[in-house]
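# Chain and residue survey
If you want the building blocks of each chain, they are given just below.
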Amino acid sequence: MASQVFAGVRVKALRGFTLIELMVAIAVLAIVTAIGLPAFSGPFERSRADADISDLLRAMNLARIEAINHSEEVTVTALSNNDWTKSLLIERNGQVVRRYAGLIAGATVTSTGGVGSVVFDGLGGLKAPATALVFRYRRGDTVKGLVVCPTGRILTGASCL
């Protein structure tokens with residue numbers, strides 16, 4: 001290996017990577033990424049599912065709190081043919097309190113009895129439907145549940161006792 005003199009000190013010349021070595025390294029990186037990427041899809045799907053069910057939970061909680069704070073009925077309505085994955089509308093006395101955008105594409109939400117709206121009474125209890133309402137959320141292999149109890153209490157992954 002050749003050496004050069006730099007500032008009175010003998011320094012060995014540095015040798016870089018060849019084009020073939022660089023191409024082999026990129027190919028190995030691509031193969032490792034292709035093999036490892038599917039392993040990360042599960043946590044991403046679960047994270048999306050958690051975010052979606054949290055959005056539905058927040059909408060129900062906001063409606064219940066509005067009903068309690070104003071001592072009036074508040075309605076949460078699925079705007080698109082009882083499809084809870086699309087836009088939701090929260091109303092009090094015909095006035096829009098909040099509109100929630102739909103969930104991330106690929107999710108399905110079903111409710112017991114195909115209910116398209118939920119009404120909280122002025123005390124925060126469930127007025128309509130008269131019995132506990134269960135939402136079943138599904139995204140791929142991930143399944144989650146949300147229950148609105150007759151008392152108005154909203155639970156995830158549990159049932160009314």
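Calculation notes
- Residues numbered from 1 in each chain as written.
- Predicted model: local features only at pLDDT ≥ 70, side-chain atom pairs only at ≥ 80, totals over all residues.
- Heavy atoms only, no water.
- Helix = DSSP H or I, 4+ residues; strand = E, 2+ residues; numbered from the N terminus.
- Buried < 20%, exposed > 50% of the residue type's maximum accessible area, 1.4 Å probe, protein only.
- Contact = heavy atoms within 4.5 Å.
- Phe/Tyr/Trp six-rings, centres within 6.5 Å; stacked < 30°, edge-to-face > 60°.
- Lys NZ or Arg CZ within 6 Å of the ring centre and 35° of its normal.
- Expected span 1.5 Å × (residues − 1).
- Pairing = 2+ DSSP bridges.
- Axes fitted to C-alpha atoms, helices over the stretch in contact; angles between N-to-C directions.
- Salt bridge = Lys/Arg side-chain N within 4 Å of Asp/Glu carboxyl O.

### Some details on the environment of Gly42
Residue position: Gly42 is located in helix H2 (residues 41–70). Sequence-wise, Gly42 and Val32 are 10 residues apart; in three dimensions their C-alpha atoms are separated by 18 Å.

### Side note on the side chain of Glu66
Topologically, Glu66 is positioned in helix H2. With relative accessibility at 14%, the residue Glu66 sits in the buried group. Setting aside chain neighbours within four positions, we find Glu66 in contact with Val74, Arg92 and Val97.

### What to know about the packing of aromatic side chains
All chains considered together, the criterion is met by one aromatic pair. Centre to centre, the rings of Trp84 and Phe135 are 4.9 Å apart; their planes meet at 75°, and the pair counts as edge-to-face. With a gap of 51 residues between them, Trp84 in strand E4 (residues 83–92) and Phe135 in strand E9 (residues 133–139) connect regions that are remote in the sequence. Of the two residues, Trp84 and Phe135, neither departs from the other in class, the shared state being buried. Looking at Arg98, its charged tip hangs above the ring of Tyr100, at a distance of 4.5 Å from the centre.

### Some words on helix H1 (residues 19–36)
Taking 1.5 Å of rise per residue, the 18 residues of H1 would be expected to cover 26 Å, and the 26 Å separating its terminal C-alpha atoms lies within 8% of that figure. Of all 18 residues in H1, zero are buried, a share of ten percent or less.

### Re the sheet that holds strand E3 (residues 74–80)
Paired through backbone hydrogen bonds, the strands of a sheet run either parallel or antiparallel to each other. Sheet architecture is open: five strands sit in the order E5-E4-E3-E7-E8, paired in antiparallel fashion. Each having just a single partner strand, strand E5 (95–100) and strand E8 (126–128) make up the two edges of the open sheet. Averaged over all neighbouring strand pairs, the angle between strand axes comes to 30°, with direction disregarded. Bridge analysis of E4 against E5 gives five bridges, and the strand direction is antiparallel. By the bridge assignment, Leu89 is partnered in E5 with Arg99. Each of E3, E4, E5 and strand E7 (117–120) touches H2; the most contacted strand, E4, lies at about 15° to it.

### Quick word on the pattern of salt bridges
Considering all chains together, one arrives at six salt bridges under this definition. As a salt-bridge pair, Arg92 and Glu66 come within 3.2 Å of each other at their nearest N and O atoms. Of this pair, Arg92 sits in strand E4 while Glu66 is found in helix H2, placing the two residues 26 residues apart along the sequence. Between Lys127 and Glu73 there is a salt bridge, and its shortest N-O distance comes to 2.1 Å. Separated by 54 residues along the polypeptide, Lys127 in strand E8 and Glu73 in the loop between H2 and E3 bring together distant segments of the chain. Classification of Lys127 by relative accessible area gives partly exposed; the value is 46%. Look at Glu73 and you get partly exposed, because its relative accessible area is 38%.

Functional significance is not addressed by these values, which are geometric in nature.
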